[in-house]
Amino acid sequence: MVSSKAADDPETLEFEATVEHGGSDVVLSETYFYPEGGGQPPDRGTIGGHEVLDVRSDGERIAHVLDGQLTAGETVSGVVDPNFRRYCMRAHTASHVLYGAGRRLFEELGYAGFDIGPEKVRVDLTTTSRVDDETLVELERLVNRCVWESRDVTWRRLPKEEALARDDVAFNTKTEEGITGETVRIVEVDGWDVAACGGTHVRNTRQIGPVTVLERSNPGEGMTRVEFAVGPEGIDRRASEKRAALDAATELETSVTELADEATRIREDRNALRDELESARTELIETRVSSIIEDPFERDGLRWAAGVVEADANHLSEAVRDRPDELDVLVLITPTGQLAVGSGPIDASEIVDELTAEFGGGGGGSPDVAQAGGLDVDGETVVGYLKRTDT
Ligand SMILES: [Zn+2]
């Protein structure tokens, strides 16, 4: 079995090897290319001058898929893309540091998955703790503290039984990452975290650089997904968040640290104003309805009142329902042709039918209260019609 030397010797990025299996699916006598596995993408680079498109391990051997052909027996040089590899080393180590921070914050922490993407890294954790914004901020703070503390990162192999017996070692139970045959590869961040892992890592946490937590989500019951970025992506995100916070603070004439209090104050003010506006509007409608009621007219031997009110449909219906007893029919209409009818002795919906037959629109309701909308005329025309047909 040929295994990659990438994980144990991540700094060797150029090497020579013999082609054991030729074609475009190449197997080498030895390789420093990391094959895709455990959430870490395959290395990029060139072999014999051909671009490496994919690196895969089937457990027996490692195949390098090339953009070209090589012949068995030839000696070739392999060059691993240093930038992408360095990014993966930083990202992978950052995930261990994040897990270590999680150990300090969460109850019953477990490890459920991991993936390094080109711009962000995803870690799935199982925990019974609720991961809120505050916890996420603390998680990021602890991770960056650990980076600053420049802790050594080391790796070694332990017999499988010994590793599994240790309760301080984090295992990805889904992929059993790091476990090959009878040994388990252990990656230790000094005084911070121990995990079974087969990936490539930096040798000191300070090499990770700044880490920015981007999002959290809940992909399943009891599972928390944390997405973070290392490098430019994370630095840019932090800058844009800071810019947004400063813009908001400037707009509200306060400081970033006072933003939350200021936002609370503004929300309370807004709610109070909304209540005030609502009661002023109600008062206005009541005054208008009173003056309509005070100007009744006779129609078909009954006592009617009708008038135009600026109000929404709910207010109209409420007002006609509260029609005083001495009034037989109350018709209220908005300037745009919404109307409500409240009636005692005759069916309110029949009045609506009469008005919609005359002026268009449609409506209906009960004998007590009926509504209509979409009339083709303005409110005053309807009021004029009702008063004119006064008999
Ligand atoms: Zn790792």
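Each remark here, short or long, concerns the structure printed above.
Residues numbered from 1 in each chain as written. Predicted model: local features only at pLDDT ≥ 70, side-chain atom pairs only at ≥ 80, totals over all residues. Heavy atoms only, no water.

A closer look at the coordination of the zinc ion
Put simply, the ideal angle at a metal is 109.5 degrees for four donors in tetrahedral geometry and 90 or 180 degrees for six donors in octahedral geometry.
Item 1. Within the protein, the zinc ion binds to His-92 (NE2), His-96 (NE2), Cys-197 (SG) and His-201 (NE2); these donor distances fall in the range 2.0 to 2.5 Å.
Item 2. Given 4 donor atoms and angles of 83 to 125° at the metal, the environment of the zinc ion is assigned as irregular.
Item 3. Going along the chain, you hit the donors of the zinc ion in the pattern H-x3-H-x100-C-x3-H. Linking His-92 in helix α1 (residues 82–105) with Cys-197 in the loop between β13 (193–196) and β14 (211–220), this pair joins segments that are 105 residues apart in sequence.
Item 4. A residue is classified by how much of its surface remains accessible, and His-92, at 1% relative accessible area, is buried. (Donors = N, O, S within 2.8 Å, 3.2 Å for Na, K, Ca; no water. Tetrahedral: all angles 85-135°; square planar, octahedral: opposite > 155°, others 65-115°. Helix = DSSP H or I, 4+ residues; strand = E, 2+ residues; numbered from the N terminus. Buried < 20%, exposed > 50% of the residue type's maximum accessible area, 1.4 Å probe, protein only.)

Focus: the environment of Gly-222
Item 1. Structurally, Gly-222 can be placed in the loop between β14 and β15 (223–230).
Item 2. Taking the C-alpha atoms as reference points, Gly-222 and Thr-128, 94 residues apart in sequence, are found 6.1 Å from one another.
Item 3. Those residues within four positions of Gly-222 in sequence are excluded, and the remaining contacts are Leu-125, Thr-126 and Thr-127. (Contact = heavy atoms within 4.5 Å.)

Quick look at the side chain of Arg-85
Item 1. Here Arg-85 lies in helix α1.
Item 2. Polar contacts involving the side chain of Arg-85 include one to the main-chain carbonyl oxygen of Pro-10, which spans 2.9 Å.
Item 3. Once residues lying within four places of it in the same chain are set aside, the contact partners of Arg-85 are Ala-6, Pro-10, Leu-13, Tyr-32, Tyr-34, Asp-43, Val-80 and Thr-200. (Polar contact = N/O pair within 3.5 Å; in protein donor to acceptor, adjacent residues only side chain to side chain.)

Here's the deal with the environment of Val-121
Item 1. Tracing the chain through its elements places Val-121 in strand β8 (residues 121–126).
Item 2. Placed 120 residues apart in sequence, Val-121 and Glu-241 show a C-alpha to C-alpha distance of 19 Å.

What about the sheet that holds strand β4 (residues 50–57)?
Item 1. Around the barrel, which closes on itself, the 6 strands sit in the order β1-β2-β5-β4-β3-β6 with antiparallel pairing between neighbours. Each adjacent strand pair in this sheet contributes to an overall mean axis angle of 45°, direction not counted.
Item 2. Of the strand pairs in this sheet, β4 and strand β5 (residues 62–70) are connected by 5 bridges, and their pairing is antiparallel. Across the sheet, residue Val-52 finds its bridge partner in β5, namely Leu-66. (Pairing = 2+ DSSP bridges. Axes fitted to C-alpha atoms, helices over the stretch in contact; angles between N-to-C directions.)

A short note on the pattern of salt bridges
Item 1. On inspection of all chains with the given rule, the structure shows 22 salt bridges.
Item 2. One salt bridge in this structure joins Asp-124 and Arg-225, with 2.7 Å as the shortest N-O distance. Of the two residues, Asp-124 sits in strand β8 while Arg-225 sits in strand β15, which places them 101 residues apart along the sequence.
Item 3. In this structure, the salt-bridge partner of Arg-237 is Glu-215, at a minimum N-O distance of 3.4 Å. Highlighted residues: Arg-237 in helix α4 (residues 232–251) and Glu-215 in strand β14, separated in sequence by 22 residues.
Item 4. Relative accessible area serves as the criterion here: at 25%, Arg-237 is assigned to the partly exposed category.
Item 5. One network of salt bridges, with partners in common, ties together Arg-122, Asp-124 and Arg-225. (Salt bridge = Lys/Arg side-chain N within 4 Å of Asp/Glu carboxyl O.)

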